[in-house]
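Structural characterization, general
So you can see what is in the structure, the chains are spelled out below.
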Amino acid sequence: VFNVSLSLIFFVGTIYFRRHPIVMASQPTFLYMVAWGCIISSSTILLVSFDDRNFSTSQLDVTCQSSVWFYGLGFGLSISALFAKTYRAKCLTIDKINASKDKHIVVSIYQYFIYVAIALTFEIIICSIWTAVDPLTWTRSCASDTSGYCRSIGTCSSDTAVVFISLLLALHFVFLVYMLWICYQVRNIPAEFAEHKWITASTVSSIEILFLTPFLVYMTHNDPTTSTLIMTLALFFNDLGVLVMIFVPKIFMMLQEHTVETESQENMLFNLRMKVRQKMMKPTPAGSIDSKRPGSTSKHVQIISQGSGVPTRQQEAPIPENERQMNSKASLPEIQVCTTIESSNPITKRADEGSSPSTGRNTGVNVGNVIREHEEAMKVPS
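Criteria and cut-off values
Residues numbered from 1 in each chain as written. Predicted model: local features only at pLDDT ≥ 70, side-chain atom pairs only at ≥ 80, totals over all residues. Heavy atoms only, no water. Patch = residues over 30% accessible without salt bridge, like charges linked within 9 Å, V, L, I, M, F, W, Y side chains within 5 Å. Areas by Shrake-Rupley, 256 points an atom, 1.4 Å probe, with all protein chains shown as cover. Salt bridge = Lys/Arg side-chain N within 4 Å of Asp/Glu carboxyl O. Helix = DSSP H or I, 4+ residues; strand = E, 2+ residues; numbered from the N terminus. Buried < 20%, exposed > 50% of the residue type's maximum accessible area, 1.4 Å probe, protein only.

1. Here's the deal with a nonpolar patch on the surface
Among the surface-exposed residues, Phe173, Val174, Val177 and Phe211 lie close enough to one another that they form a single nonpolar patch of about 340 Å² accessible area. By the element assignment, Phe211 lies in helix α8 (residues 196-219). With a relative accessible area of 44%, Phe211 lands in the partly exposed category.

If you want it as structure tokens, here you go:
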């Protein structure tokens, strides 16, 4: 009940704040799916708690197999929605900057629903075959027989239950591992667009629960009360981890205030990372294509700071006159990328038209344009 109520609160809250910049950047359509997936999966907790004290055997037979459907479809919907959300953020940011992939990027959010459909299709196939071949049924048997007294236990069981449960858990493990891989690919994307850190945490938590729960249930299969409690806790904490890791950080981001001071701190942290990476950067070999290509400006990139003492992000240094003349005669086209970020210092303010603030020259592709295109792509009907 707690998970279902929490999912409904987050679902309604996402609808109410769907026009907020943080929620828009987080692709609220997929957040709706995550919330509903947790609602469906958490409903399994109610189904596994039924027994024959209040329900007939035929009703419990339906309940036993229904719990598998609720768990499979709920898990598949939530994890596939997170995958589609993260993969779309990767396409609209990392792949958008990559010129070789730019032409093949799909912007429409509805075309990413295919990943959700594929995951649900696998879940439906396994559950359908299980239901048709050997469904779970409610059985009560004697656990011990001492002096004519039988201690009975009631469980949901079938002859091929172990096989189908193994297939279902293996499928979920593949989903989770692939989710970790896509999170690693988007590790450099800002948290406003892809909260890879929190998705990774919830995915690792789900993998741990996925491995521990079957062993604990097997060790306590003669004690239905304990095994039911283990399954209930596993379902509860799995869905709770997804809800907390996905929605709570967004609430904190929405409440966070952004000032000139906080932006300056982010710039300083960014440049600390750039200084470390520059020390690790390998020099371009003398015989490489880039070193021979006319107009190469790799050695003219440097970190500069202004009189305010706040270091700014990477900018392009002026090109000497003799090399500028060589560039004008070059036959190969030159594409440069401006990676400056808007700063509180007016000297280092980014030129939205695609020109470098230090030289005034046109730098071709502007990362600011890419970010704006990403934000426009997020504005879908919700």
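2. Description of the pattern of salt bridges
Tallying each qualifying case throughout the model produces two salt bridges. A salt bridge links Glu195 to Lys85; the nearest nitrogen and oxygen atoms lie 2.3 Å apart. With Glu195 in the loop between α7 (161-185) and α8 and Lys85 in helix α4 (residues 57-97), the pair connects residues that are 110 residues apart, well separated along the chain. For Glu195, a relative accessible area of 3% translates into the label buried. Classification of Lys85 by relative accessible area gives buried; the value is 1%. Measuring nitrogen to oxygen at the nearest pair gives 1.9 Å for the salt bridge that ties Glu195 to Lys250. In this pair, Glu195 is assigned in the loop between α7 and α8 and Lys250 in helix α9 (residues 224-255), connecting sequence segments 55 residues apart. One network of salt bridges, with partners in common, ties together Lys85, Glu195 and Lys250.

3. Overview of the environment of Ile9
Mapped onto the secondary structure, Ile9 falls in helix α1 (residues 2-16). Its relative accessible area of 56% is what places Ile9 among the exposed residues. Between the alpha carbons of Ile9 and Ala35 there is a distance of 9.1 Å; along the sequence they are 26 residues apart.

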